[in-house]
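Residue-level listing of the chains:
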Amino acid sequence: MKVLVLCGGESAERIVSLASGDSVALWLAEAGHDVWKYDPEAAGKYFRADETMAPEAIGTAAPAPVAHGEYSPQTVRGLMDAFDRIRPDVVFPILHGGRGEDGTLQSLLDWVGLPYTGPGALACALAMNKHHARLVFEAEDVPITKGFVVPYEKMMDASFVREKIQKTVGFPAVIKPLNGGSTVGLTKVFSANEVAPALTAVSVLGDQALVEAHFEGREIAATVVAGAAYPLVEIKPKEGFYDYTNKYTSGRTDYICPAEISPDVTRRIQESAVTAFRSLGCAGFSRVDFLLGMKGDFVCLELNTLPGMTKNSLVPKAARARGEQPPELMQKIIECALSGIQRAG
Ligand SMILES: Nc1ncnc2c1ncn2[C@@H]1O[C@H](COP(=O)(O)OP(=O)(O)O)[C@@H](O)[C@H]1O
Ligand SMILES: [Mg+2]
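Residues numbered from 1 in each chain as written. Chains lettered and ligands numbered in written order. Predicted model: local features only at pLDDT ≥ 70, side-chain atom pairs only at ≥ 80, totals over all residues. Heavy atoms only, no water.

1. Section: the overall build of the chain
1) Next: Helix and strand content of the chain: 12 helices and 14 strands.
2) Next: The C-alpha atoms of the chain give 19 Å as radius of gyration, which agrees with the globular expectation for 345 residues (20 Å, within 12%).
3) Next: Taking the principal axes of its C-alpha atoms as reference, the chain extends roughly 55 × 45 × 40 Å.
4) Next: Each of the 345 residues in the chain was classed as buried or not, and the buried ones make up 55%.
5) Next: In the form shown here, the chain has an accessible surface area of approximately 14900 Å², with 51% of it arising from carbon and sulfur atoms. (Helix = DSSP H or I, 4+ residues; strand = E, 2+ residues; numbered from the N terminus. Rg over C-alpha atoms; globule rule 2.2 N^0.38 Å. Buried < 20%, exposed > 50% of the residue type's maximum accessible area, 1.4 Å probe, protein only. Areas by Shrake-Rupley, 256 points an atom, 1.4 Å probe, with all protein chains shown as cover.)

2. A short note on the domain arrangement of the chain
1) Next: According to the domain assignment, the chain contains domain 1 (2-118), domain 2 (128-142 + 216-338) and domain 3 (147-213).
2) Next: Computed from C-alpha atoms alone, the centre-to-centre distance between domain 1 and domain 3 is 31 Å. (Domains from an automatic or database assignment.)

3. Side note on the site of ligand 1
1) Next: Neighbouring residues of ligand 1: 20 residues in total, closest Lys130, Lys176, Thr183, Glu219 and Glu302.
2) Next: At a separation of 2.8 Å, a nitrogen atom of ligand 1 approaches a polar side-chain atom of glutamate 212.
3) Next: Here an oxygen atom of ligand 1 and a side-chain polar atom of glutamate 302 are 2.8 Å apart.
4) Next: Its free accessible area being 550 Å², ligand 1 has 97% of it covered by the protein chains. (Near = heavy atom within 4 Å. Polar contact = N/O pair within 3.5 Å; in protein donor to acceptor, adjacent residues only side chain to side chain.)

And the structure:
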């Protein structure tokens, strides 16, 4: 089968996406597919599975935030050219963040009628907006932290936000972009005077912020593939929390898979992950991130519709823990895309 892997893109997670694209392409080739890779930001260039696109290291600090500009007609034309030239049987988008993961690209693929892997346009759009995802999760009894949105017109009004935090979620709180990723632009605020800089950090990336109660807990990632929960992964940063540096610097974080959690709590988290997946109308695969408290209580932080797929990423780790090698995982994901399962969007 001819598969076109889309990676790179314009978001702050571009480099990670190139690394994901490289891994996915090699695994797809191993599974017997004829693979091409394409970066929407590098129109006209096509890569085979064994041609590396990612730089050697992902980098230990978050890249400068990329403002969401308009997708130029050239970018769209480049994509259309790629579809025309490669004539893929199926497209495998593994763009993290930005228009590759927010449903825009998925809508284009729907429009041109190409089958593609992973969640559809509506699921991607809902998941990318953490506020909307939280509304759906709440309605479906997926536990979340208390929180509120800072609307555009209040982004410069730190005293309003300070007061609202004091009245609602309390300190410490977490201030993050509504559509963030890789912990870019996220700040833990422990006192009132940290609110203004945290809002500034968000406003570089977007025009609204999400404020959440700080939840003290272990980081747990739940992979869902074809509607089924995979073994949980616990993420244990050696210092601090799971920020960009701890995510992408080798040796800074331990990953325990399957996570050492009681069977009962494991089952409850996995059920919530599947509910989160279904409630947003996801298809193929997704990763749902949780925090697990001391007493077995947990909250869902977000659902990632196009999670990291590098050789060190969490989803391939979860697959290996159930005895499934990454090429097999890729094959399953491709089959989901071709099975005609109706997407919600
Ligand atoms: N409400 C919260 N309480 C405690 N830690 C949080 C909270 N929200 C986020 N974090 C920390 O920040 C990390 C990134 O947050 P997340 O909402 O998943 O954003 P991103 O989309 O950037 O991954 C989490 O993995 C966790 O370590
Ligand atoms: Mg996350």
